[in-house]
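Examining the three-dimensional arrangement
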Amino acid sequence: MFNEIINDETLAMFVYAPSGFISLYLSPYIGRYVDKLHPMIGITISSALGSLITWFLINTTDPFLFASLLTLDLTIITIGHLTFQNFLSRITIKHRGKLMGFRTVMVDFGAI
């Protein structure tokens, strides 16, 4: 973002920082509605919307549109995470630890 859209560090901070706070504030409220869906439908919808919004985010050049899309993208990511945690909590205790461990390995692998 800094190299392509904004060259001012302060403005870049004002564009980027609020999106994390706003998304964390909005996610639980939207998550209540997503919890009423079947987890696989919620995960599919959040993945599809997240990838579409990420594509728009990458191709934008307006800082305010970037901030709005980033907020929406982070909100959808958080909702997807909460939906997946909801799905994992429904698995039997015998297999829950294995799947949560596998998920952690995959998240760490993705972070690398």
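Residues numbered from 1 in each chain as written. Predicted model: local features only at pLDDT ≥ 70, side-chain atom pairs only at ≥ 80, totals over all residues. Heavy atoms only, no water.

Side note on the packing of helix α2 (residues 39-58) against helix α3 (residues 63-89)
Contact geometry for α2 and α3: axes closest at 9 Å, N-to-C directions at 160°. In terms of orientation, α2 and α3 fall into the roughly antiparallel class. The crossing of α2 and α3 is left-handed. Residue-level contacts link P39, M40, G42, I43, S46, L49, G50, I53, T54, F56 and L57 of α2 to F66, L69, L70, L72, D73, I76, G80, T83, F84 and F87 of α3. When the residues that make up the contact of α2 with α3 are grouped by side-chain class, the tally is 14 nonpolar, 6 polar and 1 charged. (Axes fitted to C-alpha atoms, helices over the stretch in contact; angles between N-to-C directions. Helix = DSSP H or I, 4+ residues; strand = E, 2+ residues; numbered from the N terminus. Parallel < 35°, antiparallel > 145°, perpendicular 65-115°, else oblique. Left-handed = near helix turned anticlockwise from the far one by under 90°. Contact = heavy atoms within 4.5 Å. Nonpolar A, V, L, I, M, F, W, Y, C, P; charged D, E, K, R; others polar.)

Description of helix α1 (residues 9-34)
The first and last C-alpha atoms of α1 sit 36 Å apart over 26 residues, in line with the 38 Å expected at 1.5 Å per residue. The principal kink in α1, of about 35°, is found at S27, preceding the proline P28 by one to four residues. Every buried residue of α1 is accounted for by A12, V15, S19, S23, S27, G31 and V34. Packing partners of the buried residues in α1 comprise α2 and α3. (Expected span 1.5 Å × (residues − 1). Bend = angle between axes of the 7 residues up to and from the residue. Buried < 20%, exposed > 50% of the residue type's maximum accessible area, 1.4 Å probe, protein only.)

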